Amino acid sequence: MKRIILVPAFLLLFPFIPVAQNIDAALQTLATKHPTEKIYIQYDKGYYVAGETCWFKAYLYSNGQPSDLSYNFYLQLTDSKGQIIMTQKYPVKGATVSGSIDLPDSLEQGNYFVRAMTPGMLNADQDFLYSKALFIFNPSSKKTTAPPAANSTPLSIRFFPESGNLVEEGLSVVAFKANDVYGRPVEINGIVTVDDTITAASFRSLHDGIGKFQFRPKNGKKYTAAITFNGQTNFYPLPEAQPSGINLRVENEKGGKAFTISRSRKDKEAYARVRILAQMNNRIVFDNEVAFDNFYLVKGHLVTDSMPSGILHFTVFSNDGMPLAERISFVDNREYKTKGNVSIVKQGTGRREENIIDVSFQEAVQRSFSVSVTDISVSISGDNDDIISSLLLTSDLRGVIHNPSWYFHQPADSASQALDNLMLTHGWSRFSWKKILAGEFPAKKITDQYLISTSGIIKDSKSKSPVSGGQLSIFLETEDSVNQNFDIPVDETGKFVIDSLLARGKLTIYYAYKNAKGDEKPVDIYMYQIAADSAVQNLQVKSNFGKEKADYNMAIFNGVEIDKKEVPQKSKLDQTKELSPVILKPKEYKRPIDEVNEKYTSGVFTSMGRTNFDNINQPENDRTLSVYDFARRSVKQISEQNGEFVNIRNFDLFKAPTMADDFNNQKSKDSSKIAKGGGPYGDDSKIAYTKGNHFIVAIYLNESPAFVGILKTIPMDQVALIKFYEPGFIGSGAAEAPGGVLAVYTKKIIIPEGRLEKLDNISYKGYSLTKEFYSPDYATAGSNDPPADYRSTLYWNPELYTSSQLNTVQLKFFNNDFSKRLKIVIEGFDASGKLIHQEKIIGE
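Residues numbered from 1 in each chain as written. Predicted model: local features only at pLDDT ≥ 70, side-chain atom pairs only at ≥ 80, totals over all residues. Heavy atoms only, no water.

### Notes on the overall build of the protein chain
Next, step 1: Tallying secondary structure elements over the protein chain gives 13 helices and 48 strands in all.
Next, step 2: The buried share of the protein chain, taken over its 844 residues, is 53%.
Next, step 3: For the protein chain, restricting intrachain contacts to residue pairs at least 6 apart in sequence, the fraction spanning at least 24 positions comes to 72%.
Next, step 4: For the protein chain, the exposed area adds up to about 38600 Å²; of that, 49% sits on carbon and sulfur atoms. (Helix = DSSP H or I, 4+ residues; strand = E, 2+ residues; numbered from the N terminus. Buried < 20%, exposed > 50% of the residue type's maximum accessible area, 1.4 Å probe, protein only. Contact = heavy atoms within 4.5 Å. Areas by Shrake-Rupley, 256 points an atom, 1.4 Å probe, with all protein chains shown as cover.)

Written out as structure tokens, the structure reads:
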């Protein structure tokens, strides 16, 4: 036996042959031009009843970090056949999206699917789109028969040779997975016989019906597994052994992986020299050429204790670059977890009693997380796939995995072998070596634009021919009451572009057109459909869409009986409408700036900033000065660095040296790209919110997120008010504005009475509205308390943050009329990519 130690690729001294260059180039293309983006969604509870609202928060993840790849997010609810019931669209904010789904009360009881994607994900295989089976009850539906118990249904078993094929005479490992017909795991044991006579191996499942055994197969022999189940012995054929080839074995060892490459005696010269490569996240982490010399077996070791956790993909290549054997293994160093603590400050499991909970973290860093508190009965989940197991495991593997979170919440030693067995039974799914080595990469047909970026053409109302040049004035009336107005240039072909629009709900676009001479003319405008919107709506669904997940989910939930009190009822809880915040102020003399502030601001933005500029009553002398230049001159707390505003008095004491190194190696980026995401995990999450050691200042234009570049286009004579808030301003969260907030308000255009109705208008669909979660305050509700409170979700908050100054948040909610045991689930991530999953049960 020949023994080698595999070394990092960057330490290799031998020259790379063209084949190695092709492999490296193919992976480099995948990593840089086709980066992987993953989605995980936390829901407020495990199942729903038709007519309820489903609240969710989505987390976007790429290469072990909060993703900076997308501006827009799509979510669909489909039936079990893939027919679309509804489609929603949201802006990505700090690599996260929060929203709600109103489930129609007409939905039949059964399985539905939540499918989610970003525009970039539409360019890849739809197998990589986020998909989750969601069971929805409807008491008025015809009752379905619950599936029988797992031990009374037919057995389904599959066998998986470790490196793809059984090779003659080599010591081969074969994994197996046993399920019932609904996909539920079944524990089994049995034997392998040769030609139905001699026993070659015996086996027993280790965890959830999965296990492995090893033996030395021979070509031409018939191998059969005999398994006794439900008192009956059944026989299952194993794959036939190949007369020649390469066999790859990988085993866990302390601090790393031990691998063994063996070649067949037949055609041994064809396998005299091979190449073994290990890659993670489409980046080569180890690469070596192996010469067998006179040996038939080579053994080596990989040190993995300093690697990031995730799937490590081994491949053995021939001299001509053809993959001969593959094996995936999991590196689990557990560095991905963020340690948190849930403290019950006040427990109230009696009727409508108050609960107060503190959520704290050891590390004072920027993080975004969501919290749900539910009655214990609705915490059942069909697959128990949490943010850790989803982003690190199931998003890269095919098929349904039973209870994947189990592998990450057990002691590492006890879960290690079971996790390695799982790698053998669920193959790698992200790419095909054959395709990428042939240069067959996904075509980039769909691109993502910042916020809503749409376009159209203007035609003369009479001649129906396109206009040439001029200006389009638009007044935008939105469903969420955030109205906007702006002027847009029209090109010589009549086309115009509306860029970076943040508007929600149904939009009414009032418009007026002036030609190049300044004359107003009647026109019609025609909006083009956004390419990504069209692609999502026309996404083809495979014929076997979700069948495996649906069968599994049906088996989990069909036997569950819901209580009548869980059925949505028309009560005061449903009828309550939350009013806008009311700010009570004592009667006092109002300064002119107070009146301007009341006129232009709303919500939390009504509070005065650390520095305030009233450009109505004390206008800037140089009216042509841009807001950008004015802010650089007049706001003493900020400075400009590399095209961004940063807080010169605030710097990050917790910034790791590697982040500074990353920043120093980055080229300056377009300011519109830096604005991507609008939150702490936007563009290049390691560095985008710091320049050097200074935090970037968030920009808000008329209380909507904006980027610095747009301030250069706004002259001061169009500005009414400018306010600067110090870091920690609640309007955007401490994590989203670590350097503070610069809020700019442009003057409102007053349209004469009756003028708006006379303008031509069209309807347009903006981002989906998010329903606000209602949580009653029984300490102050008084006589208006609802007569019955049957809420199964007691608390839901997707907008929770910590920062380098704040590592604890306090939650307050009231119990319903019936719950005695409550389940708290906390999920999220921090700016470095560490994941949060915390659960706690309170009550009897």
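Once the structure has been displayed, the description carries forward.
### Topic: the environment of Thr260
Next, step 1: Position of Thr260 among the secondary structure elements: in strand E19 (residues 256-263).
Next, step 2: Its relative accessible area of 9% is what places Thr260 among the buried residues.
Next, step 3: For the pair formed by Thr260 and Leu297, sequence separation is 37 residues and the distance between their alpha carbons is 7.0 Å.
Next, step 4: Excluding residues that lie within four positions of it along the chain, Thr260 makes contacts with Asn247, Leu248, Arg249, Leu297, Val298 and Lys299.

### Some points on helix H3 (residues 412-425)
Next, step 1: Over its 14 residues, H3 extends 20 Å from the first C-alpha to the last, a length consistent with the 20 Å expected when each residue adds 1.5 Å.
Next, step 2: Listed in full, the buried residues belonging to H3 are Ala415, Ala418, Leu419, Asp420, Asn421, Leu422, Met423, Leu424 and Thr425.
Next, step 3: Buried-residue contacts for H3 involve strand E11 (155-161), strand E12 (172-180), strand E15 (210-215), strand E18 (246-253), strand E23 (310-317) and strand E24 (323-331). (Expected span 1.5 Å × (residues − 1).)

### Here's the deal with the environment of Arg249
Next, step 1: With respect to the helices, strands and loops of the structure, Arg249 is situated in strand E18.
Next, step 2: On the accessibility criterion, Arg249 (14% relative accessible area) is buried.
Next, step 3: Arg249 sits 86 residues away from Ser163 along the chain, and the two C-alpha atoms are 7.0 Å apart.
Next, step 4: Apart from the residues lying within four places of it in its own chain, the contact partners of Arg249 are Glu162, Leu171, Val173, Gln214, Ala258, Phe259 and Thr260.
Next, step 5: Of note is the side chain of Arg249, whose polar atom sits 3.4 Å from the side chain of Gln214. (Polar contact = N/O pair within 3.5 Å; in protein donor to acceptor, adjacent residues only side chain to side chain.)

### Things to note about empty space enclosed by the protein
Next, step 1: Evaluation of the coordinates by the stated rule reveals five cavities of 30 Å³ or more.
Next, step 2: In this structure, the second largest cavity occupies an estimated 70 Å³ of space.
Next, step 3: Residue lining of the second largest cavity: Asn72, Tyr74, Lys89, Pro119, Thr447, Asp448, Gln449, Leu451, Ile452, Ser453, Ile530 and Ala532, and that is the complete set.
Next, step 4: Going through the elements one at a time, strand E6 (72-79) and strand E28 (452-460) are the ones with two or more residues in the lining of the second largest cavity.
Next, step 5: Here the lining of the second largest cavity is built from residues that sort into six nonpolar, four polar and two charged. (1 Å grid on protein atoms, 1.4 Å probe; cavity = no way out; pocket = protein on both sides within 12 Å on 5 of 7 lines; lining within 4 Å. Points joined across faces, edges and corners; volume = space filled by probe spheres on them. Nonpolar A, V, L, I, M, F, W, Y, C, P; charged D, E, K, R; others polar.)

### Comments concerning the nonpolar core
Next, step 1: Membership of the largest hydrophobic core comes to 61 residues, with the highest contact counts inside it found for Ile39, Ile41, Phe56, Phe73, Val114, Ile458 and Leu472.
Next, step 2: In this view, Val114 contacts Ile41, Tyr43, Leu75, Gln76, Leu77, Ile101, Tyr130, Ser131, Lys132 and Leu134; residues no more than four positions away in its chain are not counted.
Next, step 3: Counting residues in hydrophobic clusters, the runner-up holds 42 residues, among them Val371, Ala418, Leu422 and Phe829. (Core = buried A, V, L, I, M, F, W, Y, C linked by side-chain atoms within 4.5 Å.)

### Section: the packing of aromatic side chains
What describes a pair of aromatic rings is the distance from one ring centre to the other and the angle between the planes of the rings.
Next, step 1: As enumerated under the stated definition, the model contains 23 aromatic pairs in all.
Next, step 2: On the basis of an interplanar angle of 80 degrees and a centroid distance of 5.7 Å, the ring pair of Phe56 and Tyr90 is categorised as edge-to-face. Here Phe56, found in strand E4 (residues 53-62), pairs with Tyr90, found in strand E7 (residues 84-91); they are 34 residues apart in sequence, far enough to count as distant.
Next, step 3: Under the relative-accessibility criterion, Tyr90 is labelled buried at 2%.
Next, step 4: Joined through ring pairs, the aromatic side chains of Phe176, Phe203, Phe213, Phe215 and Tyr223 make up one cluster.
Next, step 5: Here the guanidinium or amino end of Arg263 rests over the ring plane of Tyr296, the centre of that ring lying 5.1 Å away.
Next, step 6: Here Arg367 stacks its cationic end above the ring of Phe361, 4.2 Å away from the centre of that ring. (Phe/Tyr/Trp six-rings, centres within 6.5 Å; stacked < 30°, edge-to-face > 60°. Lys NZ or Arg CZ within 6 Å of the ring centre and 35° of its normal.)

### With respect to the sheet that holds strand E13 (residues 189-194)
Next, step 1: In space, the four strands of this open sheet follow the order E14-E13-E16-E17, with antiparallel pairing throughout. Every other strand in the sheet has two partners, leaving strand E14 (198-204) and strand E17 (232-237) as the edge strands with one partner each. Between one strand and the next, the sheet's axes are offset by a mean angle of 25 degrees, whatever the strand orientation.
Next, step 2: Both E13 and E14 contribute to a ladder of six bridges, which runs antiparallel. Looking across to E14, one finds that Ile191 is bridged to Ser202. (Pairing = 2+ DSSP bridges. Axes fitted to C-alpha atoms, helices over the stretch in contact; angles between N-to-C directions.)

### Brief notes about the side chain of Thr304
Next, step 1: Inspection of the secondary structure assignment puts Thr304 in the loop between strand E22 (297-303) and E23.
Next, step 2: What makes Thr304 buried here is its relative accessible area of 5%.
Next, step 3: Dropping the residues within four chain positions of it, Thr304 is found in contact with Gly255, Gly256, Lys257, Leu312, Val331 and Asn333.

### Thoughts on unusual backbone geometry
Most peptide bonds take the trans configuration, and most residues that are not glycine carry a negative phi.
Next, step 1: For Asn281, which is not glycine, the phi dihedral falls at a positive 55 degrees.
Next, step 2: Tracing the backbone through its elements, the reader meets Asn281 in the loop between strand E20 (273-280) and strand E21 (283-291).
Next, step 3: Phi is positive for Arg352, which is not a glycine, with a value near 60 degrees.
Next, step 4: Structurally, Arg352 is set in the loop between strand E25 (340-346) and strand E26 (354-361).
Next, step 5: Assessed through its relative accessible area of 11%, Arg352 is described here as buried.

### A short note on the pattern of salt bridges
Next, step 1: Summed over the entire model, instances satisfying the criterion amount to 26 salt bridges.
Next, step 2: Here Lys45 makes a salt bridge to Glu52, at a shortest N to O gap of 2.8 Å.
Next, step 3: Here Lys45 falls in the buried class, since its relative accessible area comes to 11%.
Next, step 4: Across the pair Glu289 and Arg273 runs a salt bridge whose closest N-O atoms are separated by 2.1 Å. Of the two residues, Glu289 sits in strand E21 while Arg273 sits in strand E20, which places them 16 residues apart along the sequence.
Next, step 5: Glu289 sits in the partly exposed class, given a relative accessible area of 24%.
Next, step 6: Judged by relative accessible area, which is 39%, Arg273 ranks as partly exposed.
Next, step 7: Three or more residues are tied together by salt bridges with common partners; here these are Glu162, Lys212, Arg327 and Asp420. (Salt bridge = Lys/Arg side-chain N within 4 Å of Asp/Glu carboxyl O.)

### Focus: the sheet that holds strand E45 (residues 793-802)
Next, step 1: Read across the sheet, four strands follow the order E45-E27-E47-E48 without closing on themselves; strand pairing throughout is antiparallel. Looking at the sheet topology across the chains shown, the edges are occupied by E45 and strand E48 (835-843). Going from strand to strand, the sheet's axes swing by 10 degrees on average, the running direction of each strand aside.
Next, step 2: Looking at chain direction, strand E47 (residues 821-830) and E48 are connected through nine bridges and run antiparallel. From the neighbouring strand, Phe829 faces E48, where its bridge partner is Leu835.

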